[in-house]
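In case you want the letters, here they are:
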Amino acid sequence: MQTHKAKRVEIIIEAPMERRLRRALEEAGVTGYTVLPVLAGSGRSGAWTREGQVSRAAGMVAFVCIIRPERLDPLLDAAFDVVESHIGVVSISDCDVLRAERF
Amino acid sequence: MQTHKAKRVEIIIEAPMERRLRRALEEAGVTGYTVLPVLAGSGRSGAWTREGQVSRAAGMVAFVCIIRPERLDPLLDAAFDVVESHIGVVSISDCDVLRAERF
Amino acid sequence: MQTHKAKRVEIIIEAPMERRLRRALEEAGVTGYTVLPVLAGSGRSGAWTREGQVSRAAGMVAFVCIIRPERLDPLLDAAFDVVESHIGVVSISDCDVLRAERF
Amino acid sequence: MDGILALAATNLTSPIILSFALGVAAALARSDLSVPEAAAKALSIYLLFAIGFKGGAAVSASGIDAQLVATLFAGLVLSFLIPFVAFTLLRILTRLSAVDAAAVAGHYGSISIVTFVAASSVLASRGIGSEGYMVAVAAVMEAPAILSALFLVARSGSAEKMDAEMWREILLNGSIVLLIGAFAIGWITGAEGLEKISSFIVAPFDGVLCLFLLDMGLVAGRGLRDVRGVLGGGAIVFGVLMPPIGASFGLAAGLLLGLSAGGVALLMVLSASASYIAVPAAMRVALPQANPSIYLTLSLGVTFPFNLTIGIPVYIAVALALTGG
Amino acid sequence: MDGILALAATNLTSPIILSFALGVAAALARSDLSVPEAAAKALSIYLLFAIGFKGGAAVSASGIDAQLVATLFAGLVLSFLIPFVAFTLLRILTRLSAVDAAAVAGHYGSISIVTFVAASSVLASRGIGSEGYMVAVAAVMEAPAILSALFLVARSGSAEKMDAEMWREILLNGSIVLLIGAFAIGWITGAEGLEKISSFIVAPFDGVLCLFLLDMGLVAGRGLRDVRGVLGGGAIVFGVLMPPIGASFGLAAGLLLGLSAGGVALLMVLSASASYIAVPAAMRVALPQANPSIYLTLSLGVTFPFNLTIGIPVYIAVALALTGG
Amino acid sequence: MDGILALAATNLTSPIILSFALGVAAALARSDLSVPEAAAKALSIYLLFAIGFKGGAAVSASGIDAQLVATLFAGLVLSFLIPFVAFTLLRILTRLSAVDAAAVAGHYGSISIVTFVAASSVLASRGIGSEGYMVAVAAVMEAPAILSALFLVARSGSAEKMDAEMWREILLNGSIVLLIGAFAIGWITGAEGLEKISSFIVAPFDGVLCLFLLDMGLVAGRGLRDVRGVLGGGAIVFGVLMPPIGASFGLAAGLLLGLSAGGVALLMVLSASASYIAVPAAMRVALPQANPSIYLTLSLGVTFPFNLTIGIPVYIAVALALTGG
Ligand SMILES: Nc1ncnc2c1ncn2[C@@H]1O[C@H](COP(=O)(O)O)[C@@H](O)[C@H]1O
Ligand SMILES: Nc1ncnc2c1ncn2[C@@H]1O[C@H](COP(=O)(O)O)[C@@H](O)[C@H]1O
Ligand SMILES: Nc1ncnc2c1ncn2[C@@H]1O[C@H](COP(=O)(O)O)[C@@H](O)[C@H]1O
Ligand code: NA
Ligand code: NA
Ligand code: NA
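Residues numbered from 1 in each chain as written. Chains lettered and ligands numbered in written order. Predicted model: local features only at pLDDT ≥ 70, side-chain atom pairs only at ≥ 80, totals over all residues. Heavy atoms only, no water.

(A) The arrangement of the overall build of chain D in detail. Helix and strand counts for chain D stand at 16 helices and zero strands. At 19 Å, chain D has a C-alpha radius of gyration in line with the 20 Å of a compact globule built from 325 residues. Seen along its three principal axes, the alpha-carbon backbone of chain D occupies a region of about 50 × 45 × 40 Å. When burial is assessed residue by residue, chain D has 64% of its 325 residues classed as buried. Nonlocal contacts in chain D, meaning residues at least 24 apart in sequence, comprise 89% of its contacts between residues at least 6 apart. As presented, chain D carries roughly 10400 Å² of accessible surface, and 69% of it is formed by carbon and sulfur atoms. One way to put it: in chain D the 14 positive side-chain charges average out to a point 9 Å from where the 16 negative ones average out. (Helix = DSSP H or I, 4+ residues; strand = E, 2+ residues; numbered from the N terminus. Rg over C-alpha atoms; globule rule 2.2 N^0.38 Å. Buried < 20%, exposed > 50% of the residue type's maximum accessible area, 1.4 Å probe, protein only. Contact = heavy atoms within 4.5 Å. Areas by Shrake-Rupley, 256 points an atom, 1.4 Å probe, with all protein chains shown as cover. Lys, Arg positive; Asp, Glu negative; His and termini not counted. Charge placed at Lys NZ, Arg CZ, Asp CG, Glu CD.)

Right under this line is the structure:
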């Protein structure tokens, strides 16, 4: 089946920053992204879990964004401005997509 | 540690289509897949979030399927039939797996 | 933007094993990981869904761990000890990360 | 006339409506107040179970008669017909594509159970009785409109194949099954069963409804935030014009059937309300080309608030006037 | 005899059982009706807290005596022994591997708290009293069976190492901790504490139980859908044969202990029921080679419905007959 | 004095406190007992809605007066000032960085609504009345402390830019909006509205509070598990020293305002308690350099348990003594 090269960007960031990152991505002209819930995690600032939490403070969300290679840099710049002083984890991997026209 | 080449297929599709995609994958002889919940997203048809939603209409789910390279095409064909007229996002990336026998 | 090579390890394992895998990873000196909830799935041992479940027995969780290439093997060894007799699915893919210092 | 106004006033200052208003306001102000999805679903399960059970228990007391059967049939017909009216009106008022118009029309033939619940609680609080089987009528009216919508699309060319799977999904939609199932349980266990669990499904009912409407308000408000981008003026006009039109069909049917004042009012509410659970999910599957934000915003963002605030008291007043009840 | 039948009939037409039946039917019909996981867990937390608290409050009134201690001990023994009976029966009736058989056997030595809760509410609704500390007995019976299962596996060769971690997981399983904790709170705060929160844990209890059983029905029905692929005829026979056998052990113990009719019935229910929370989770960790769908389907899809519909009324009738209560 | 002790004793053996203790114990023992996030959020929505509504209904009865306005203003001032006291104390007692100290200080100027709720239910159970508008005071005190914290940081160099977005997030935080909104609804609908839904927001309130505190205990206990790694001795001392200090400010204000004994006690509780919802989320955004585990553990793991167990009864006793109430 006919596929096209693309990039898969995954950004794990504090839940309270979700709204800001969304706006930054939209301003950077990102055509689409998906936000996945996160259950728990561990890092230099210790381990945490969402279980029983009322405040969003202790928690992260994961952004997944499939994007054309040429659009990657504006996305990363936008994401970086938000993530910079925060604890977001940004990873980029190569992927192939069906229906390139939608990206 | 001994690893084997495989493909990681990620399909983001409308929640109401979950059952259909599951059946399609099983019919295509896919040995296993995992469905992840999705919290929110944005695309050409606008932004959405699951928060407070009662109907499944406004929402997506994410399928993750690790598969042997040679089995990729039948999977994609099956997936494509379901996704085609829908808004699913299909991405494929290379990966290595432990215990190839299970795929 | 300046990026660095890294590995993205994804481990899908029974929910009741979450705690054990977390400990194993920490003992293996993994600096960070994220646990994603899983909604449903299908494999050789049949299909399952979390819907309406009270017991954690029927369910999986997904670990995502971004790690420096040189640290991969200890992680896999640790993971494998836990996963071995279980039904975990382990996949490794290449990725690029911003801010390598945090990994 | 000012009877209606007074009525609307008291209606507007009930905890239920104010909770909804709070939700809308919070969403419009972009507050991060939100009800978790699982909690919202749990609330709707509670409401469907409670309203269905109470309806069944009422019927077990009154028993079945020809009127019950006739009313169920009337509901079926209303659900089938109203989409054609809605479709025509949409073609006149808006520039929506045939597919989008059909999808929207389907929502208006079907019903909004929470609007029904809100109306019931208003009737109850004002001591106006109604036929217990109206809950069953609500259940019957959920699905037929979907077929009308698909027919409208097929007629306008872009056909969709309906497989058996889709039939089951539509007819065995969770909310339909729960509503009818709870109705059956209430019917079988009757007054005794109701008494067993009334401190769960009767006493706290209005309070739970407040929280659910708070959530509905948050979701509706989120939709309204970008309504401008999604809906043209014509569509919005349709959203407030269609309910009274639908209600008048319900009114006619109710009077013909000789229902009680409360029964007529509820049939008006059912005809006037637009689905936001069963139909949108079905449309996502059956009419993927249709834009979800259009039908979701119209149904939840425009018509639901209209019915909740102005519609219900008006329908009740009209029903009371014309039944002399 | 027809006393039992009448009893079973009234039992079958209670809102609780009908809600379960609704869930099973909906799942078998592949309706998309479902209770969110978080809501199901919240319901079970409520039930465990309420039943534990009420038991503790009852004990604080009656006080502790030798019989309480003896009954707790009896529960411990029953939980240890029943798996051996179950294992033998499985080896006779089925071709399950030793590991699968042991895993299943472990479930039947342990208990199903919702079966216990359902039985309690039947007793309450029929005005049959029972010892408040039976809740504590239920908690005590949860874990020992797991050890028997592991012992059975070890004996049959394929040994598993039990680390301290696993011990803690088994003994501090959430449902055990909550049940015992709530029992302790009820005990300490007594009648006064109960009075404070009774409009939360007493009044709506049966209604909440209905929703929980609706969910249990959905899960059980999902399991039953592919029962044919998972369970052979022998296993299914075991699923309906084992409960009465377990119950008879409970009966013997109850009579020896001189418990009240209600107490004997509850001890029968505990012995007859199979775990679906604590044990499956433990087996997933301790016996990964065992196939989860086998023990989950047997426990939830076969034995639970059997106990809920036929078992409970029979056990109660027998207990009444033999205690002359 | 022994009056206070007796009081503390009865307080410690209430179902509410014991539920919290159960949660802490379960978490420390690493039991897997846990309340789903969605359920915990639903519980907090219920509590905020109920407490807000009841406060509003009370005010609609008593009406507004100068004292109400004055008390709101006092709350505002307390919330602004207390962080400076807390900051100074932290610099003396701990070696926390200026940013961490400021972030913590912000939490102590703001309030913990569940502490407020627990105190209200103790007052109610002992028949001590209080001003209904104290709920509004609670809402008013949530946010100002955040600004003080940011000011403290700016002063100590490492400035953060406050954009309009952040302002809205802080002022329209979900818990503030819900509390004030429910207060307004209660006010508008008054006694009549309260009567409509009291069997939902009044009767089961204490029971729901028990489950919520069970969850709070689980979360707090999880934090305490690794408290040693996170907090030094100085910080812990601060966590139990700051509440009485804050309370004394509240006491002074309450006496000046001439509030009732209950009102003074509640103002002490608000001043003594530390935020665990609004402020942590704001700090995550505004002060990312601050370590979340420090302020979360201090607020939820140290100060909350202290206020719940020892603080509340003491504050009430003192308020009663000094108001001669
Ligand atoms: N290497 C990693 N791989 C995956 N997730 C990570 C990684 N490092 C950190 N995270 C996530 O980011 C959160 C904050 O990380 P940290 O700032 O290091 O405490 C952690 O709790 C994890 O959820
Ligand atoms: N490029 C993308 N990357 C990740 N998710 C996407 C992307 N495009 C769309 N999606 C997801 O698919 C949904 C529907 O997309 P659309 O049909 O473009 O509105 C969005 O709400 C996102 O959840
Ligand atoms: N190839 C696969 N890709 C993604 N997830 C899988 C795959 N195989 C198994 N899984 C997940 O692992 C669970 C157990 O697999 P199994 O042991 O094969 O039954 C399944 O229910 C899926 O959630
Ligand atoms: Na309608
Ligand atoms: Na048993
Ligand atoms: Na404070």
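(B) Fine view of the interface of chain D and chain B. Residue-level contacts link 25 residues of chain D with 21 residues of chain B. Both faces considered, chain D and chain B share a buried interface measuring about 1900 Å² in area, 52% of it formed by carbon and sulfur atoms. Area buried by chain D at its contact with chain B is led by E37, R284 and V285 of chain D, which between them contribute 30% of it. There are three salt bridges connecting chain D and chain B. In this structure, E37 of chain D engages R50 of chain B in a salt bridge whose closest nitrogen and oxygen atoms are separated by 2.6 Å. (Buried area = accessible area lost by both parts, 1.4 Å probe. Salt bridge = Lys/Arg side-chain N within 4 Å of Asp/Glu carboxyl O.)

(C) Structural view of the relation of the copies chain C and chain A. For the pair chain C and chain A, the superposition axis carries a translation of 0.0 Å, the fit reaches an RMSD of 0.0 Å, and the rotation angle comes to 120 degrees. Overall, the copies show the geometry of a three-fold rotation axis. In terms of proximity to the rotation axis, the leading residue of chain C is P37 of chain C, whose C-alpha is 4.1 Å off the axis. (Least-squares fit on C-alpha atoms with pLDDT ≥ 70 in both.)

(D) Summary view of the site of ligand 2. The environment of ligand 2 is made up of 17 residues, and the closest members are T34 and I66 of chain A together with R44, S45 and W48 of chain B. Here S45 of chain B contributes a side-chain N or O atom positioned 2.4 Å from an oxygen atom of ligand 2. Note that an oxygen atom of ligand 2 is positioned 2.6 Å from one of the side-chain N or O atoms of W48 of chain B. Against a free-state accessible area of 480 Å², the protein chains account for coverage of 99% of ligand 2. Within the residue set of the shell around ligand 2, elements represented by two or more residues are β2 (33-37) and β5 (60-67) of chain A together with β3 (40-43) of chain B. (Near = heavy atom within 4 Å. Polar contact = N/O pair within 3.5 Å; in protein donor to acceptor, adjacent residues only side chain to side chain.)

(E) Focus on the site of ligand 3. Around ligand 3 there are 18 residues in total, and T34 and I66 of chain B together with R44, S45 and W48 of chain C lie nearest to it. Ligand 3 is flanked by residues contributed from chains B and C. Residue G32 of chain B places a main-chain N or O atom 3.4 Å away from a nitrogen atom belonging to ligand 3. Coverage of ligand 3 by the protein chains reaches 98% of its 480 Å² of free accessible surface. Counting only elements with at least two residues in the shell around ligand 3, the list comes to β2 (33-37) and β5 (60-67) of chain B together with β3 (40-43) of chain C.

(F) Spotlight on the nonpolar core. Formed by 456 residues in total, the largest nonpolar core has its most connected members in V9 of chain A, V9 of chain B, V9 of chain C, F49 and L267 of chain D, F49 of chain E together with F49 of chain F. By size, the runner-up hydrophobic cluster in this structure holds 39 residues, among which are M60 of chain A, W48 and A62 of chain B together with C95 of chain C. (Core = buried A, V, L, I, M, F, W, Y, C linked by side-chain atoms within 4.5 Å.)

(G) Fine view of the coordination of the sodium ion (ligand 4). Bound to the sodium ion (ligand 4) are the protein donor atoms Y108 of chain D (O), S110 of chain D (O), L270 of chain D (O), S271 of chain D (O) and S273 of chain D (O), situated 2.4 to 2.9 Å from the metal. The class for L270 of chain D is buried, based on a relative accessible area of 0%. (Donors = N, O, S within 2.8 Å, 3.2 Å for Na, K, Ca; no water.)

(H) Highlighting the interface of chain C and chain A. Tallying the contact residues gives 24 residues for chain C and 29 residues for chain A. Contact between chain C and chain A buries roughly 2100 Å² in total, counting both sides, with carbon and sulfur atoms accounting for 57%. Among the residues chain C hides against chain A, the three largest losses belong to M1, R99 and R102 of chain C. Together they make up 29% of the total. Joining chain C to chain A, the criterion identifies one salt bridge. The tally of links between chain C and chain A comes to 10 residue pairs in polar contact (both at pLDDT 80 or more). Broken down by secondary-structure element, the contributors of at least two residues to the side of chain C that touches chain A are α1 (18-27), β2 (33-37), β5 (60-67) and β6 (89-97) of chain C. With five residues, β2 of chain C is the largest single contributor of residues to the side of chain C that touches chain A. Partitioning the side of chain C that touches chain A into residue classes produces 12 nonpolar, four polar and eight charged. (Nonpolar A, V, L, I, M, F, W, Y, C, P; charged D, E, K, R; others polar.)

(I) Up close: a nonpolar patch on the surface. A cluster of nonpolar side chains, contributed by F73, L76, V77, F80 and L81 of chain D, occupies part of the molecular surface with about 420 Å² of accessible area. By secondary structure assignment, the location of F80 of chain D is in helix α4 (residues 66-93). (Patch = residues over 30% accessible without salt bridge, like charges linked within 9 Å, V, L, I, M, F, W, Y side chains within 5 Å.)

(J) Quick look at the confidence of the model for chain A. Mean pLDDT over chain A works out to 91, with 100% of the residues at or above the 70 mark. The least confident element of chain A is strand β4 (residues 46-49) of chain A, whose mean pLDDT is 88; the most confident is β2 of chain A, at 97. (pLDDT = per-residue confidence, 0-100.)

(K) Geometry of the packing of aromatic side chains. Residue and element names in this part refer to chain D. If you walk through the whole model with that rule in mind, you get 24 aromatic pairs over all chains. Seen in terms of ring centroids, F183 and W187 are 5.7 Å apart; in terms of plane orientation they differ by 75 degrees. Their pairing is edge-to-face. Pair noted here: F183 and W187 are both in helix α10 (residues 174-201), with a separation of four residues, about one helical turn. Aromatic rings pair up to connect Y46, F200 and F205 into one cluster. (Phe/Tyr/Trp six-rings, centres within 6.5 Å; stacked < 30°, edge-to-face > 60°.)

(L) Fine view of a negative patch on the surface. All names here are of chain A. Taken together, the side chains of D73, D77, D81 and E84 define an acidic patch exposed on the protein surface. Among the structural elements, D81 can be located in helix α2 (residues 72-83). Among the residues examined, D81 registers a relative accessible area of 58% and is labelled exposed.

(M) Examining the confidence of the model for chain D more closely. Residues and elements named next belong to chain D. When the pLDDT values of chain D are averaged, the result is 93; 97% of them are 70 or greater. Per-element averaging of pLDDT across chain D places helix α1 (residues 2-12) at the bottom with 72 and helix α14 (residues 261-272) at the top with 98. With a pTM of 0.96, the predicted complex shows an ipTM of 0.95.

(N) Local environment of the side chain of D100 of chain E. Structurally, the position occupied by D100 of chain E is in helix α5 (residues 98-109). Beyond its immediate chain neighbours, meaning those up to four positions away, D100 of chain E contacts Q289, A290, N291 and I294 of chain E.

(O) Quick look at the environment of L96 of chain E. Its place among the elements puts L96 of chain E in the loop between α4 (66-93) and α5. Owing to a relative accessible area of 16%, L96 of chain E belongs among the buried residues under this scheme.

(P) Here's a closer look at the packing of helix α10 (residues 174-201) of chain E against helix α2 (residues 15-28) of chain F. At a minimum axis distance of 9 Å, the contact between α10 of chain E and α2 of chain F shows a crossing angle of 170 degrees. As summarised for this structure, α10 of chain E and α2 of chain F are arranged roughly antiparallel, according to the angle between their axes. The segment α10 of chain E lies against α2 of chain F, with V177, L178, G181, A182, I185, I188, T189, G193 and K196 of chain E engaging P15, L18, S19, L22 and A26 of chain F. (Axes fitted to C-alpha atoms, helices over the stretch in contact; angles between N-to-C directions. Parallel < 35°, antiparallel > 145°, perpendicular 65-115°, else oblique.)

(Q) The arrangement of the packing of α4 of chain D against helix α5 (residues 98-109) of chain D in detail. Residues and elements named next belong to chain D. Running from N to C, α4 and α5 cross one another at 140 degrees; their axes reach a closest spacing of 8 Å. Compared by their axis directions, α4 and α5 come out oblique. Note that α4 runs across α5; the crossing there is right-handed. The segment α4 lies against α5, with S79, I82, P83, A86, F87, L90 and R91 engaging A98, A101, A102, V104, A105, G106, Y108 and G109. Residue classes in the contact of α4 with α5 are distributed as 11 nonpolar, three polar and one charged. (Left-handed = near helix turned anticlockwise from the far one by under 90°.)

(R) Spotlight on the pairing of strand β1 (residues 4-14) of chain B. Residues and elements named next belong to chain B. Burial runs high along β1: nine of the 11 residues are buried. Relative to strand β6 (residues 89-97), β1 runs antiparallel, the two being bridged by nine bridges. Among the inter-strand pairings, K7 is bridged to a residue of β6, identified as D94. When β1 meets β5, the two strands line up antiparallel, connected through eight bridges. Residue pairing for β5: I11 is matched across the bridge by F63. (Pairing = 2+ DSSP bridges.)

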